[in-house]
Amino acid sequence: MASFNSNEWRAICDKFTNAQNLTEIESRNDKENDPFRSKYKARELLREIYCSLKNFEAGEGEEEGGGESGDQRPTEQPVDGQREDLFGQGFSGDSPAGLRAARLGAVEYYLGVNHVDTEELSAGQEHLMNCMKLLERCRVSSPNVSLFIQVRNQLGILWAGRDETETAQGFLETAESIYQRYMKEDGSPPTDMTEYFAAEENLLTHQERIKRFELAYTHTMYYLAQVYKNLGQTERAATYCHTTLQRQLQLNQFTPMEWALNAATLSQYYITKGRYMEGRHCLSAATVISDLAGEVPSEAAAQENETESERREHLRQKRAEIARCWIKYCLNLLQDAKKQLEDNIGELDTDRQEELKRARRREEEEEEKGRKSALLFGSEDTFDSIASIEEKVMCLFPLDFTEARSVFLVGQNHVTQAKDYFQMDGYVTDHIEILQDHSALFRSLAFFEEDLERRCKMHKRRVDMLEPICNDLNAQYYLMIRRQLMFELAETYNEMMDLKLALANRQADTQSLDNHTIKKFNHLCSASAKYFQMFLDSLCSPEGKFPERLEEEVLRPALVARFRVARLHSRLISTSPTVQLDNLNKSLENYKYVVQYCEANPEAGAAVETELELSKEMVGLLPLKINRLNARMDSNN
């Protein structure tokens, strides 16, 4: 074999360095009409290296190859993992034959990646599988373990891109098991693939070798997270995503805003599983790491410089998206706490509240244990900053108004931040979704408020933020959003009406309500009925005809709206018998609709069991009440 410091070997090393430079640096400057110019040049250099290696190390494969021809390119395509023990069979990685196979395999690897990058996937796959076949002759060891893992990473990406998720899974899980076994049985800093073509004075330090090897395994974790997500294994995907993010921080290999957004997105998974400690940790880390991206350029700077303009837009958008994740955290925490505390009529169960408060100390101890066992983000530079943000918002269920308000205020601060970017002009849907979340925050907080007057004012805030939007939206372009807003406004006015009546009943019985209270009650009652009716009218055809059969997505809302309209008309207070009679007839008409629709469509009954039962009862009772009122009116006449 030729000497490592020979001119021929240095020529190969120089070609490899040039190929790497073309691929990683020069290609960034390629023109749009010739986007792969540099990569095609790199490909030619890699092919020359492959031919040179054949000539340079000719005959070496026969020495230890058991008669197998070393000059033939492998054609058989191995199935990953076909050899049971990758660590116990084959050439030693540092033997001449092992090093030769690794070098040829590395060139095949880089040719494979090159073809994939230039969108020639079949050719890329062929080169990557050639690399796999060459490695089949060797056992996993320090000189080749990085190549063993990285070729499987690339094949995993390639097959995942073809939606062959299970094939990708096989390659990536093998890469994972190779890393884990190597670290258990050896663990020494492995040779990096670039070192196959480096002069001795240019070899990497142990520290750099470790960093590159760990980064390759981090990529394995990242790709597996995507694979498990696509296979519907959400919990496993979340675990791998969390590990990836943690490793990226440890290796200092991340783009701050991209990392922050991934962490914030992961928080939403934890929230849906009720794991608020992990969700809060992800969001706190996202906030801290996003700050590493720097300050948002001023509007004046953005107007003068296109680069600054793009940077301003990017930072504002990503930070607004992280703010929206914080809103969801606060909202879900309040809503889940409400479910824990409410009785069977939706009011605060004080006995349950006291029971949960007594259990709080135990929960706090469990939280601390959980924190110690959790995968925490951060380094010496960021850990304290992350912990500082975590201290500002609780992750246990709030059990009283003071605790609920502290969560609400955090959510409301992020509403302000999110709305600053997602404005009505340009982001209609996003802006309205943020307003709906803000409204839901008020609704959740109102549950904890014992003062009925203050609770009513919270619901009034909801009306004030949603009503102008609902009335101004174009019904043609934003029909679904308008329906959501109509229904929410109807329910909000209904809650306010119930609260006003409860307040009046505390002061006097219903027979002695003063005119002001009656007027206010009727206004709220009519407003609720109006928005329910607007919702129902939105279901009508252009000719104004209500559908004979309701679509599944509007079945329950439509029948509930009919039921509520019926109930509201029966509750309107009037001294005029004629008005009373008109209200009762409207009420009966809507109750009858619910009953008759469910009789004609029996499957609909399951969607509105409670409302249907009450409607049937009222269809039996209201005619008696109407008849009595008619009789009284006749006798008076």
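Please read all numbers here as calculations on a predicted model, not as lab measurements. (Residues numbered from 1 in each chain as written. Predicted model: local features only at pLDDT ≥ 70, side-chain atom pairs only at ≥ 80, totals over all residues. Heavy atoms only, no water.)

(A) Spatial organisation of the overall build of the chain. Across its full length, the chain holds 23 helices and zero strands. Seen along its three principal axes, the alpha-carbon backbone of the chain occupies a region of about 120 × 55 × 50 Å. Within the chain, buried positions represent 49% of all 637 residues. Residue pairs at least 24 apart in sequence account for 72% of intrachain contacts in the chain once pairs closer than 6 positions are excluded. For the chain, the exposed area adds up to about 32,600 Å²; of that, 46% sits on carbon and sulfur atoms. Seen as two clouds, the 78 positive and the 106 negative side-chain charges of the chain have centres 5 Å apart. (Helix = DSSP H or I, 4+ residues; strand = E, 2+ residues; numbered from the N terminus. Buried < 20%, exposed > 50% of the residue type's maximum accessible area, 1.4 Å probe, protein only. Contact = heavy atoms within 4.5 Å. Areas by Shrake-Rupley, 256 points an atom, 1.4 Å probe, with all protein chains shown as cover. Lys, Arg positive; Asp, Glu negative; His and termini not counted. Charge placed at Lys NZ, Arg CZ, Asp CG, Glu CD.)

(B) Here's a closer look at the packing of helix H4 (residues 96-117) against helix H6 (residues 145-161). Packing of H4 against H6 leaves a shortest axis separation of 11 Å and a crossing angle of 25°. Of the possible angle classes, the one that applies to H4 and H6 is roughly parallel. Crossing angle aside, the handedness with which H4 passes H6 is left-handed. Residues Ala102, Gly105, Ala106, Tyr109, Val113 and Val116 of H4 form the contact with H6, whose participating residues are Leu147, Gln150, Val151, Gln154 and Leu158. The class makeup of the residues in the contact of H4 with H6 is eight nonpolar, three polar and no charged. (Axes fitted to C-alpha atoms, helices over the stretch in contact; angles between N-to-C directions. Parallel < 35°, antiparallel > 145°, perpendicular 65-115°, else oblique. Left-handed = near helix turned anticlockwise from the far one by under 90°. Nonpolar A, V, L, I, M, F, W, Y, C, P; charged D, E, K, R; others polar.)

(C) Representation of the packing of aromatic side chains within the structure. Evaluation of the coordinates by the stated rule reveals 28 aromatic pairs. Consider the rings of Tyr182 and Phe213, whose centres lie 5.7 Å apart with planes at 75°: the pair is edge-to-face. A residue pair is termed long-range when its members are at least 10 positions apart, and Tyr182 in helix H7 (residues 165-185) and Phe213 in helix H8 (residues 206-230) qualify at 31 residues. There is no split in this pair, since Tyr182 and Phe213 are both buried. Ring geometry for Phe487 versus Phe532: centroids 5.4 Å apart, planes at 85°, classification edge-to-face. With Phe487 in helix H19 (residues 479-507) and Phe532 in helix H20 (residues 515-537), the pair connects residues that are 45 residues apart, well separated along the chain. Pair check on accessibility: Phe487 and Phe532 agree, each one buried. (Phe/Tyr/Trp six-rings, centres within 6.5 Å; stacked < 30°, edge-to-face > 60°.)

(D) Up close: the confidence of the model for the chain. Residues of the chain with pLDDT of at least 70 account for 92%, and the chain-wide mean is 90. Scored below 50 in pLDDT, residues 59-79 makes 36 contacts in the model with residues more than four places away or belonging to other chains. (pLDDT = per-residue confidence, 0-100.)

(E) Structural context of the nonpolar core. Within the largest apolar cluster, 126 residues are counted, with the highest numbers of intra-cluster contacts made by Tyr329, Leu550 and Leu559. Counting residues per element, this core draws most heavily on helix H13 (residues 306-341), at 14 residues. In terms of nonpolar packing, the next biggest core, distinct from the first, is built from 57 residues, Leu104, Leu128, Leu172 and Tyr223 among them. (Core = buried A, V, L, I, M, F, W, Y, C linked by side-chain atoms within 4.5 Å.)

(F) Layout of the pattern of salt bridges. In total, this model carries 37 salt bridges according to the counting rule given. Between Arg316 and Asp420 there is a salt bridge whose closest N-O contact spans 3.6 Å. Of this pair, Arg316 sits in helix H13 while Asp420 sits in helix H16 (residues 401-421); the two residues are 104 residues apart in sequence, bridging distant segments of the chain. Residue Arg462 is joined to Glu488 by a salt bridge in which the shortest nitrogen-to-oxygen separation is 3.3 Å. Residue Arg462 is found in helix H18 (residues 452-472), and its partner Glu488 is found in helix H19; the two are separated by 26 residues along the sequence. According to the relative accessible area criterion, Glu488 is buried, its value standing at 14%. Through salt bridges with shared partners, a single ionic network connects Arg443, Arg462, Glu488 and Glu495. (Salt bridge = Lys/Arg side-chain N within 4 Å of Asp/Glu carboxyl O.)

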